[in-house]
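Breakdown of the fold
Read off the chains here:
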Amino acid sequence: MSLSQTHLADLVRLLDVRHAALLEEVRGELEQSENLQYIELLDRVPADIGDQSMADALADLNLAIVDRHVRELRDIEAARARVADRTYGVCVDCGDDIALERLRAWPTAKRCHACQQQRERTFSHEGTPRL
Ligand SMILES: [Zn+2]
């Protein structure tokens with residue numbers, strides 16, 4: 001990986017900010033719904049060990065209002081795992097470095113632009129929202 005420590009730290013901060021924002025959104029939606037009992041889950045899982053398990057814990061609730069955030073939470077958790085593995089910023093398909101501008105725009109990106117486009121052509125249905 002050719003990302004400098006400074007750039008990597010910036011990107012990790014973006015991931016952390018987005019992760020926290022998503023959890024706040026989930027909390028807000030639980031508060032507005034009939035699912036107040038689940039808010040306890042957000043408070044119970046400590047931040048330090050909760051990072052890996054939060055998406056799974058929320059997925060287990062099987063609540064539609066939470067579901068749409070689970071995928072993004074998983075993406076963020078996967079990106080953090082790649083940071084820990086030192087594979088963050090490397091395209092999973094071709095092994096090239098992912099451009100810094102792309103990572104800044106999509107900190108969870110795991111493919112370079114060319115491979116992502118190739119993939120979207122192959123799996124064009126993936127970008128279609130489920131209704
Ligand atoms: Zn690639």
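Residues numbered from 1 in each chain as written. Predicted model: local features only at pLDDT ≥ 70, side-chain atom pairs only at ≥ 80, totals over all residues. Heavy atoms only, no water.

**Focus on the coordination of the zinc ion**
Perfect tetrahedral coordination of a metal by four donors corresponds to 109.5 degrees between them, and perfect octahedral coordination by six donors corresponds to 90 or 180 degrees. This is how it is decided: Note that water is not among the atoms used; donors are N, O and S atoms within 2.8 Å of the metal (3.2 Å for Na, K and Ca), so sites may look incomplete. Any site counts as irregular unless it has four donors with all angles between 85 and 135 degrees, making it tetrahedral, or four or six donors with opposite ones more than 155 degrees apart and the rest between 65 and 115, making it square planar or octahedral. The helix and strand labels rest on DSSP assignments: H or I over at least four residues marks a helix, E over at least two residues marks a strand, and numbering proceeds from the N terminus.
Protein ligation of the zinc ion involves Cys91 (SG), Cys94 (SG), Cys112 (SG) and Cys115 (SG), the donor distances falling in the range 2.3 Å. Coordination at the zinc ion is tetrahedral: its four donor atoms span angles of 103 to 116° at the metal. Sequence spacing of the donors to the zinc ion: C-x2-C-x17-C-x2-C. Here the residue Cys91 occupies a position in the loop between helix H4 (64–85) and helix H5 (100–105), and Cys115 occupies one in helix H6 (residues 113–122), the gap between them amounting to 24 residues.

**Remarks on the confidence of the model for the chain**
Worth spelling out the cut-off: Note on scores: pLDDT gives the predictor's confidence for each residue, bounded by 0 and 100.
For the chain, the average pLDDT comes to 85, and 86% of its residues sit at 70 or higher. Of all secondary-structure elements in the chain, the lowest mean pLDDT belongs to helix H3 (residues 47–61), at 66, while H5 reaches the highest, 96.

**Topic: the side chain of His19**
The condition is simple: Think of it in three bands: with a 1.4 Å probe and only protein chains considered, a residue is buried below 20% of the maximum accessible area for its type, exposed above 50%, and partly exposed in between. Within 3.5 Å is the distance limit for a polar contact, defined as a pair of N or O atoms, with the added protein rule that one can donate a hydrogen and the other accept it, and that residues adjacent in sequence qualify only through two side-chain atoms.
Mapping His19 onto the fold places it in helix H1 (residues 5–32). A relative accessible area of 4% means that His19 is categorised as buried. Side chain to side chain, His19 and Glu77 meet in a polar contact 3.5 Å long.

**Quick word on the environment of Leu14**
Condition: Contacts: residue pairs with any heavy atoms within 4.5 Å of one another.
Structurally, Leu14 is set in helix H1. Sequence spacing of Leu14 and Pro107 is 93 residues, and the spatial spacing of their C-alpha atoms is 6.9 Å. The contacts of Leu14, once residues within four sequence positions are left out, are Arg104 and Pro107.

**Topic: the nonpolar core**
Test applied: Definition used in this section: a nonpolar core is a set of buried Ala, Val, Leu, Ile, Met, Phe, Trp, Tyr and Cys residues joined via side-chain atoms within 4.5 Å.
Ranked by internal contacts, the top residues of the largest apolar core, which has 30 residues, are Leu3, Leu30, Leu42, Leu58, Val66, Tyr88 and Leu103. Mapped by element, the contributors of at least two residues to this core are H1, helix H2 (39–44), H3, H4 and H5. In this view, Leu103 contacts Leu3, Leu11, Tyr88, Gly89, Ile98 and Ala109; residues no more than four positions away in its chain are not counted.

**A word on H4**
Applicable threshold: In this scheme, a helix's expected span is set at 1.5 Å multiplied by one less than its residue total.
In this model, H4 (22 residues) spans 32 Å end to end at C-alpha, consistent with the 32 Å of a helix rising 1.5 Å per residue. Within H4, burial applies to Val66, His69, Val70, Leu73, Ile76, Glu77, Ala79, Arg80 and Arg82. Arg86 sits one or two residues past H4 and shows a positive phi near 65°.

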